[in-house]
Amino acid sequence: DAALIDFADSFAEKSVRQPSRDLGEAGMPSVDEFADPSGSLASVFTPVFFNTDEYTVNRKDYVESIRRIAAYMKSHPNTNVIVEGYCDERASEAYNLALGTKRANFVRSLLVKEGVHPDQVHTISFGKEKPFDSAHNPDAWSKNRRAHFRVHQKR
């Protein structure tokens, strides 16, 4: 659907306000309070995958996934996420950290543009560290080029 692709592409370079507070500060949960989504949350907070050397998404299913996450977060304002940006192993550490940052920030910008409060979404880049699949082949690399979500829900 062209409208979905235009939606994603239109926010690739736009700046979105960063959270007003850091994690662990003034009522914000600390990093260690976030966990991989489990149970019903695992079907909402699904990873988003990227092509080599890209930080935007244009596949309809990934854009719809980001919209599903945004809808959930808007209806559950006590939910916070960390969007983690990852890369495959084939470039320098510095390049991959920068690309992972762009991937995480791109996903964050789409969530905020969909109406999620900026304070609910933080980002971090792991570059090529912490691969999902440690094999050294194209299949593993495609699994490692991703944005992954860690979730915290205030009770």
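All of the points below concern the structure found in this document. (Residues numbered from 1 in each chain as written. Predicted model: local features only at pLDDT ≥ 70, side-chain atom pairs only at ≥ 80, totals over all residues. Heavy atoms only, no water.)

### Some points on the overall build of the protein chain
Within the protein chain one finds 4 helices and 4 strands. Sequence-ordered secondary structure for the protein chain, helices as α and strands as β, is α-β-α-β-α-β-α-β. The C-alpha radius of gyration computed for the protein chain amounts to 15 Å, which stays within 12% of the reference 15 Å derived for 155 residues, consistent with globular compactness. Based on the C-alpha atoms only, the size of the protein chain along its principal axes is roughly 40 × 35 × 30 Å. Sorting the 155 residues of the protein chain into buried and exposed places 45% on the buried side. Contacts in the protein chain between residues far apart in sequence, at least 24 positions, make up 79% of those at least 6 positions apart. For the protein chain, the computed accessible surface area is about 7,900 Å², with 50% contributed by carbon and sulfur atoms. Charge separation in the protein chain, taken as the distance between the mean sites of 21 positive and 22 negative side-chain charges, equals 4 Å. (Helix = DSSP H or I, 4+ residues; strand = E, 2+ residues; numbered from the N terminus. Rg over C-alpha atoms; globule rule 2.2 N^0.38 Å. Buried < 20%, exposed > 50% of the residue type's maximum accessible area, 1.4 Å probe, protein only. Contact = heavy atoms within 4.5 Å. Areas by Shrake-Rupley, 256 points an atom, 1.4 Å probe, with all protein chains shown as cover. Lys, Arg positive; Asp, Glu negative; His and termini not counted. Charge placed at Lys NZ, Arg CZ, Asp CG, Glu CD.)

### Looking at the sheet that holds strand β1 (residues 48–49)
On the basis of which strands lie adjacent, the open sheet formed by 4 strands has the order β1-β4-β2-β3 and mixed pairing. In this open sheet, the two edge strands, each paired with only one partner strand, are β1 and β3 (121–127). In this sheet, strand β4 (residues 146–153) lies alongside β1 in antiparallel orientation, the contact comprising 2 bridges. By the bridge assignment, F49 is partnered in β4 with R146. Along the sheet, helix α2 (residues 60–75) contacts β1, β2 (79–86), β3 and β4; its crossing angle with β2, the most-contacted strand, is approximately 155°. Where helix α3 (residues 93–113) meets the sheet, its contacts fall on β2, β3 and β4, and the angle it forms with β3 comes to roughly 155°. (Pairing = 2+ DSSP bridges. Axes fitted to C-alpha atoms, helices over the stretch in contact; angles between N-to-C directions.)

### Points about the pattern of salt bridges
Applying the stated criterion to the full structure yields 7 salt bridges. For D88, the salt bridge identified is with R90, shortest N-O distance 2.8 Å. For D88, a relative accessible area of 6% puts it in the buried group. In this structure, R145 engages D88 in a salt bridge whose closest nitrogen and oxygen atoms are separated by 3.1 Å. With a gap of 57 residues between them, R145 in the loop between α4 (138–144) and β4 and D88 in the loop between β2 and α3 connect regions that are remote in the sequence. As far as the burial class goes, R145 and D88 line up, both buried. (Salt bridge = Lys/Arg side-chain N within 4 Å of Asp/Glu carboxyl O.)

### Here's the deal with the environment of V121
Mapped onto the elements, V121 comes out in strand β3. Here the alpha-carbon distance between V121 and L41, two residues 80 residues apart in the chain, equals 16 Å. Those residues in contact with V121 that sit more than four places away from it in its chain are P19, M73, V81, V83, R108, L111 and V116.

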